[in-house]
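# Coordinate analysis (summary)
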Amino acid sequence: MTSKVHPMSDLSQERETWPAVWRGFRCRCPNCGNGPILRSYLKVRDHCPVCREELHHHRADDGPAYLTILIVGHIMAPALLWVFTTWRPEPLILVTIFLIGCIGLSLYLLPRLKGAIVGFQWAREMHGFARDR
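Thresholds applied
Residues numbered from 1 in each chain as written. Predicted model: local features only at pLDDT ≥ 70, side-chain atom pairs only at ≥ 80, totals over all residues. Heavy atoms only, no water. Axes fitted to C-alpha atoms, helices over the stretch in contact; angles between N-to-C directions. Helix = DSSP H or I, 4+ residues; strand = E, 2+ residues; numbered from the N terminus. Parallel < 35°, antiparallel > 145°, perpendicular 65-115°, else oblique. Left-handed = near helix turned anticlockwise from the far one by under 90°. Nonpolar A, V, L, I, M, F, W, Y, C, P; charged D, E, K, R; others polar. Phe/Tyr/Trp six-rings, centres within 6.5 Å; stacked < 30°, edge-to-face > 60°. Buried < 20%, exposed > 50% of the residue type's maximum accessible area, 1.4 Å probe, protein only. UniProt positions renumbered as here; feature names shortened; annotations may be inferred. Core = buried A, V, L, I, M, F, W, Y, C linked by side-chain atoms within 4.5 Å. Contact = heavy atoms within 4.5 Å.

- The protein chain is annotated in an unreviewed UniProt entry as DUF983 domain-containing protein from Salipiger mangrovisoli.

Shown next as structure tokens:
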């Protein structure tokens, strides 16, 4: 039986940023892309259950929340203006639809953006993610 070595495990190879961010956005380990990065809605695992990469070094803090607000605001504000000027719905209907949309989009994006930030920090070797050389 041959063991497969993941290309990211080579210490001399630079970690690629965008694949790690994409894996994090998919809520997967930035190293192997297979193991789940989160153990609950926003709690990052101490290590990947598949490749054993340590993930406890992350410092995402308020970054995911700020990015979520930025993205949701930039999507929903123009959509609100467009819907209001095009169809002129009743105010209660408008508020209800956009309230549900904002909450749903925020709940969808928040864990994914947290994973993306952890993936970015891992790829850039920030906050203790540096490899032993």
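### As for the packing of helix α2 (residues 63-87) against helix α3 (residues 91-123)
- The interhelical angle for the contact between α2 and α3, taken along N-to-C directions, is 150°, at an axis separation of 8 Å. Considered as vectors, α2 and α3 are oriented roughly antiparallel to each other. Like other packed secondary-structure pairs, α2 and α3 cross with a definite hand, here right-handed.
- In the contact of α2 with α3, the residues fall into 19 nonpolar, four polar and one charged.

### Focus: the packing of aromatic side chains
- Taken as a whole and judged by the stated rule, the model has two aromatic pairs.
- Note on Trp 22 and Phe 25: the rings are 5.8 Å apart at their centroids and 15° apart in plane angle, and the pair reads as stacked. Here Trp 22 and its partner Phe 25 are both found in helix α1 (residues 17-25), three residues apart, which amounts to about one turn of the helix.
- Among the residues examined, Phe 25 registers a relative accessible area of 23% and is labelled partly exposed.
- With a centroid separation of 5.0 Å and 75° between ring planes, the pair formed by Trp 82 and Trp 87 is classed as edge-to-face.

### Let's talk about the UniProt feature "transmembrane region" (unreviewed entry) in the protein chain
- As annotated in UniProt, the feature "transmembrane region" (unreviewed entry) corresponds to residues 65-85 and 91-110 in the numbering used here.
- For the annotated span residues 65-85, helix accounts for 100% and strand for 0% of the residues, and the straight-line distance between the end C-alpha atoms is 30 Å.
- Along residues 91-110 the backbone is 100% helical and 0% strand, and the end-to-end C-alpha distance reaches 28 Å.

### Some thoughts on the nonpolar core
- Of all hydrophobic cores here, the largest spans ten residues; its members are Ala 20, Cys 27, Ile 37, Leu 38, Val 44, Leu 55, Val 118, Trp 122, Ala 123 and Phe 129.
- Here the element with the most residues in this core is α3; it accounts for three residues.
- If you look at the next biggest cluster of nonpolar residues, it comprises seven residues, including Val 72, Val 83, Leu 94 and Leu 113.

### Examining the side chain of Thr 68
- Checked against the element boundaries, Thr 68 lands in helix α2.
- Given the relative accessible area of 5%, Thr 68 is considered buried.
- Apart from the residues lying within four places of it in its own chain, the contact partners of Thr 68 are Ser 106, Leu 109, Leu 110 and Leu 113.

### A look at the packing of α1 against α3
- The contact between α1 and α3 brings their axes to 6 Å, and the two run at 150°. Here α1 is positioned roughly antiparallel relative to α3, judged by the angle of their axes. At the point where α1 passes α3, the crossing takes the right-handed sense. Together, Thr 17, Ala 20, Val 21, Gly 24 and Phe 25 of α1 and Leu 109, Arg 112, Leu 113, Gly 115, Ala 116, Gly 119, Phe 120, Trp 122 and Ala 123 of α3 make up the contact between the two elements.

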